[in-house]
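Tertiary structure, described
Next come the chains, spelled out residue by residue.
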Amino acid sequence: MHCDTIADEIASRLEPAIQYVPDGFFNSFAFTQTGNNLTHPLTWGILARLLWDVPHIAQVGIDVRINQHGIKFQPDLVGYSEDGSMVVFLDYESPNSSDARIPGKDVDAFIAWRDASGADVPYVIITTLPDCPAPDWELRYTSSDFYNSGFGGQGGVLRRNPCLFWYNYYYGEFAKRRMEGITFLNISGKTVRRKYPDTK
């Protein structure tokens, strides 16, 4: 199945599945705090459940280590066909991790694995970024040597539209890479949309 096709299939199933989460689950940091850090693990559960119903997927692996050819690649979920071949890789990034780390942490790891293995497995990355003003959205990890060190002092711009802020950065990074087989979805509140490649 083509990467965009399977990503759109996941998006169409994910949006109705998240309508019942608490308010603020995806459009605030309330559920990514110590003692209440639920966004990532609960979304893994939602995604695992819906992947079972995606065409050509017969098994779902969680937190799989696909470390081979000297490359470390560990997607959150893997959909497998009946014969055990890999149908799709999926990574979910919560509000806490939808930031500047994604191109290096997720995209580069997949590209290195893809190029070393020669395998053609679609890779879907889901971010969590409000596509609207978000006055309380946080800009974390801006100290030197952290992921977002180059964005210190830009919290005001970020909060105007976190999705626009980070995807403007991502698009510039994607242009430097061979992005074949990679699709990005974004959760904004309780809406799921494909962000890359462009749906136009």
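1. Notes on the pattern of salt bridges
- In total, this model carries 16 salt bridges according to the counting rule given.
- Measuring nitrogen to oxygen at the nearest pair gives 3.1 Å for the salt bridge that ties E15 to R193. With E15 in helix 1 (residues 3-17) and R193 in strand 8 (residues 191-196), this residue pair connects regions lying 178 residues apart in the sequence.
- A relative accessible area of 24% means that E15 is categorised as partly exposed.

2. Some words on the packing of aromatic side chains
- Here the structure, examined in full by the defined rule, presents 27 aromatic pairs.
- Arranged with centres 6.2 Å apart and planes meeting at 20 degrees, the rings of Y141 and F146 form a pair that is stacked.
- Given the relative accessible area of 43%, F146 is considered partly exposed.
- Taken together through their ring pairs, the aromatic side chains of F151, F165, W166, Y167, Y169, Y170, Y171, F174, F184 and Y196 make up a single cluster.
- In this arrangement the basic side chain of R101 is found over the ring face of Y147, its NZ or CZ atom lying 4.1 Å from the centre.
- Positioned above the aromatic ring of Y167, the side-chain terminus of K195 is 5.6 Å from the ring centre.

3. Looking at helix 5 (residues 162-174)
- Taking 1.5 Å as the rise per residue, helix 5 with 13 residues should run 18 Å; its terminal C-alpha atoms sit 18 Å apart, in good agreement.
- All buried positions along helix 5 are accounted for by P162, C163, F165, W166, Y167, Y170, E173 and F174.
- Buried residues belonging to helix 5 abut helix 3 (102-117), strand 6 (123-128), helix 4 (155-160), strand 7 (182-188) and strand 8.
- For helix 5, the N-terminal capping position is held by N161, with its side-chain oxygen 3.1 Å away from the main-chain nitrogen of C163.

4. A closer look at the nonpolar core
- Ranked by size, the top nonpolar core spans 31 residues in total, and within it F73, F89, V107, F110, W166, I182 and F184 carry the most contacts.
- Residues contacting F73, with those up to four places away along its chain left out, are V64, R65, I66, N67, F89, A109, F110, W113 and Y123.
- The next biggest cluster of nonpolar side chains, apart from the first, holds 29 residues, and it includes F31, A48, L77 and I126.

5. So, the sheet that holds strand 4 (residues 77-80)
- Spatial ordering of the open sheet is given by 3-4-5-6-7-8, a layout of 6 strands whose pairing is mixed. Edge positions in the sheet fall to strand 3 (59-62) and strand 8, since each of these pairs with one other strand and no more. Looking at each pair of strands side by side, their axes are set apart by 25 degrees on average, direction ignored.
- Sheet topology note: the strand 5 (residues 86-92)/strand 6 ladder contains 4 bridges and is parallel. What sits directly across from F89, in strand 6, is Y123.
- In the packing of helix 2 (residues 39-51) onto the sheet, the strands contacted are strand 3, strand 4, strand 5 and strand 6, and the crossing angle to strand 5 comes to about 160 degrees.
- Where helix 3 meets the sheet, it contacts strand 5, strand 6 and strand 7, and its direction lies at approximately 175 degrees from that of strand 6.

About the cut-offs
Residues numbered from 1 in each chain as written. Predicted model: local features only at pLDDT ≥ 70, side-chain atom pairs only at ≥ 80, totals over all residues. Heavy atoms only, no water. Salt bridge = Lys/Arg side-chain N within 4 Å of Asp/Glu carboxyl O. Helix = DSSP H or I, 4+ residues; strand = E, 2+ residues; numbered from the N terminus. Buried < 20%, exposed > 50% of the residue type's maximum accessible area, 1.4 Å probe, protein only. Phe/Tyr/Trp six-rings, centres within 6.5 Å; stacked < 30°, edge-to-face > 60°. Lys NZ or Arg CZ within 6 Å of the ring centre and 35° of its normal. Expected span 1.5 Å × (residues − 1). Contact = heavy atoms within 4.5 Å. Polar contact = N/O pair within 3.5 Å; in protein donor to acceptor, adjacent residues only side chain to side chain. Core = buried A, V, L, I, M, F, W, Y, C linked by side-chain atoms within 4.5 Å. Pairing = 2+ DSSP bridges. Axes fitted to C-alpha atoms, helices over the stretch in contact; angles between N-to-C directions.

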